[in-house]
Amino acid sequence: MLHEQTSQSHPGSGCPPRARDSAGHAPTFLGDTFGGAGIVGVVAFFTLSGYLITGLLASDVRTYGRVRYLRFYKNRAIRLLPALVFALAGFAVVEGLLDLGGHRAQVLRTVEVALTYTANVPGLNHGSDDMSHLWTLANEEQFYLVWPILILLAVRFRKEWLTVTIAAAAIVAVLGATILFTEPLVKIYTWPSTWTIAMVVGAACQLGRNRLSLVLRGVVARIGGVVGLVGLVGLSFLPDAKSNPFVYLFGGAVIAVLTMLVVWWWKDIAVMPAWSRPLVWLGTISYAAYLWNYPIGWWLRDLGVTDWQAPAILLTVAAAAVSWFAVERPFNRLKNLRTSPADQADVARPKLRPRAGSASHHRGTPAIEPDTKR
């Protein structure tokens with residue numbers, strides 16, 4: 001929810017400059033003390049996304065012999081677009097009508113970039129700073145244009161680990177070249193290839209989750225979870241993380257592994273404690289909170305609010321709750337509509353026979369199952 005404010009107005013955007021620190025970065029929710037917190041949050045998000053969505057895709061291939069692309073992208077559109085359009089409407093009101101940050105001229109460009117998922121493409125005019133955090137959403141959606149095809153081939157031909165290895169190697173090669181030939185290094189923070197390795201790590205853990213569960217269980221899972229949690233917190237204190245080449249080259253993979261250690265520990269808990277219920281609810285509205293917290297932070301500062309962090313959190317939760325109850329939940333009911341004739345016909349098709357040791361072979365192994373309606 002608390003994303004680091006790092007964007008800058010594009011030179012060709014026509015947006016007025018906003019107050020930044022001595023390094024040229026925008027103020028953050030957590031200040032300079034937690035220099036790596038933004039990276040940790042972004043990478044953890046990508047890791048969980050890769051883990052869960054790969055589970056959906058692999059399940060489709062094992063059950064129906066193919067990826068049901070229409071259903072997959074329809075459900076993603078129902079899940080993502082209504083809340084995004086609602087947030088963009090709020091942005092259009094604040095900047096288009098009130099011109100609070102002086103970005104009225106960039107409203108249409110900002111909406112265009114948001115809806116085409118191109119906020120992470122270098123060299124483009126991305127519009128207003130208010131919505132520049134949408135580069136993470138763009139990165140995710142671009143990944144899932146390619147990844148379903150790779151998972152289809154990997155599962156159908158039973159080459160999961162070869163596919164993951166080749167994908168990871170290609171990403172690391174591109175990232176290494178990017179680091180060598182880009183100055184200043186902070187420019188690559190939002191680029192498409194920078195943190196994609198985290199989604200591949202999450203996908204690898206999903207494809208091999210039963211083998212991992214044989215190792216990471218009981219005391220070992222708890223120790224791993226503590227190590228992961230301590231590691232993530234420690235990396236959040238890393239100074240000047242966005243200017244460190246080692247963070248870009250190794251940080252994504254390391255943070256992704258630590259995140260999955262915490263996930264394995266968390267899923268090993270049979271009964272969730274009562275105190276976790278508010279966290280579950282925050283998880284429900286987390287997507288809308290992600291959309292709203294960044295522009296709300298900017299708008300409060302544009303209004304001259306000095307201690308803006310606490311009001312920003314309260315307003316973010318309020319806006320996210322409205323988004324969930326008024327927009328997202330009603331649209332999510334569309335996922336429960338009658339299955340299409342094509343999907344009904346697929347049920348009669350023979351399933352792929354799982355190999356011994358594959359994810360679908362060990363029915364008794366506990367695992368975090370993705371929301372199949374997502």
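Before reading on, note that the structure itself is shown above.
Residues numbered from 1 in each chain as written. Predicted model: local features only at pLDDT ≥ 70, side-chain atom pairs only at ≥ 80, totals over all residues. Heavy atoms only, no water.

Caption draft 1: Highlighting the pattern of salt bridges. For the coordinates displayed, the defined rule picks out 6 salt bridges. Residues Arg-68 and Asp-60 are paired through a salt bridge, measuring 2.8 Å at the closest nitrogen-oxygen approach. Exposure class is identical for Arg-68 and Asp-60. Each is buried. In this structure, Arg-109 and Glu-112 form a salt bridge, with 3.2 Å as the shortest nitrogen-oxygen distance. (Salt bridge = Lys/Arg side-chain N within 4 Å of Asp/Glu carboxyl O. Buried < 20%, exposed > 50% of the residue type's maximum accessible area, 1.4 Å probe, protein only.)

Caption draft 2: Quick peek at the nonpolar core. The biggest cluster of nonpolar side chains holds 79 residues, and the ones touching the most others in it are Ile-39, Leu-84, Leu-134, Trp-147, Trp-195, Tyr-287 and Leu-291. A per-element tally of this core places helix 1 (residues 37-64) first, with 11 residues. Look past the residues within four positions of Trp-147 in its chain and what remains in contact with it is Thr-54, Leu-57, Ala-167 and Ala-203. Within the second largest apolar cluster, 5 residues are counted, among which are Ala-288, Ala-289, Ala-320 and Trp-324. (Core = buried A, V, L, I, M, F, W, Y, C linked by side-chain atoms within 4.5 Å. Helix = DSSP H or I, 4+ residues; strand = E, 2+ residues; numbered from the N terminus. Contact = heavy atoms within 4.5 Å.)

Caption draft 3: Spotlight on the side chain of His-133. If you trace the backbone, His-133 turns up in the loop between helix 3 (107-115) and helix 4 (135-156). A distance of 3.1 Å separates a polar atom in the side chain of His-133 from the backbone oxygen of Tyr-290. In this structure His-133 touches Tyr-290, Leu-291, Tyr-294 and Pro-295, once residues within four positions along its chain are discounted. (Polar contact = N/O pair within 3.5 Å; in protein donor to acceptor, adjacent residues only side chain to side chain.)

Caption draft 4: A look at the environment of Val-233. Checked against the element boundaries, Val-233 lands in helix 8 (residues 219-236). When its relative accessible area of 42% is taken as the criterion, Val-233 is described as partly exposed. On a C-alpha basis, the gap between Val-233 and Gly-36 in space is 9.2 Å, while along the polypeptide they are 197 residues apart.

Caption draft 5: Here's a closer look at a nonpolar patch on the surface. A grouping of Trp-266, Ile-269, Trp-275, Leu-279, Trp-281, Leu-282 and Phe-325 is seen on the molecular surface, where their side chains present a nonpolar patch of about 690 Å² in accessible area. Considering each element in turn, the nonpolar patch owes the most residues, 3 residues, to helix 10 (residues 277-284). Summarising the element assignment, Phe-325 is placed in helix 12 (residues 309-332). (Patch = residues over 30% accessible without salt bridge, like charges linked within 9 Å, V, L, I, M, F, W, Y side chains within 5 Å. Areas by Shrake-Rupley, 256 points an atom, 1.4 Å probe, with all protein chains shown as cover.)

Caption draft 6: How the structure looks around helix 8. Here helix 8 is 18 residues long and its end C-alpha atoms lie 26 Å apart, about the 26 Å a rise of 1.5 Å per residue gives. By the burial criterion, the buried members of helix 8 are Ala-221, Gly-224, Gly-225, Gly-228, Leu-232 and Ser-236. Taken down its axis, helix 8 places every buried residue within 105 degrees of arc, on the same side. Exposed positions of helix 8 whose direction lies more than 90 degrees from the buried face are Val-219, Ile-223 and Val-230. (Expected span 1.5 Å × (residues − 1). Arc of directions from axis to C-beta.)

Caption draft 7: Representation of unusual backbone geometry. In this structure, Pro-184 follows Glu-183 across a cis peptide bond, with omega equal to -10 degrees. Within the fold, Pro-184 resides in the loop between helix 5 (160-181) and helix 6 (197-207). Not every positive phi belongs to a glycine, and Arg-158 is a case in point at roughly 55 degrees. The residue Arg-158 is located in the loop between helix 4 and helix 5 in this model. Its relative accessible area of 37% is what places Arg-158 among the partly exposed residues. Unlike most non-glycine residues, Asp-240 shows phi in positive territory, near 50 degrees. Inspection of the secondary structure puts Asp-240 in the loop between helix 8 and helix 9 (245-267).

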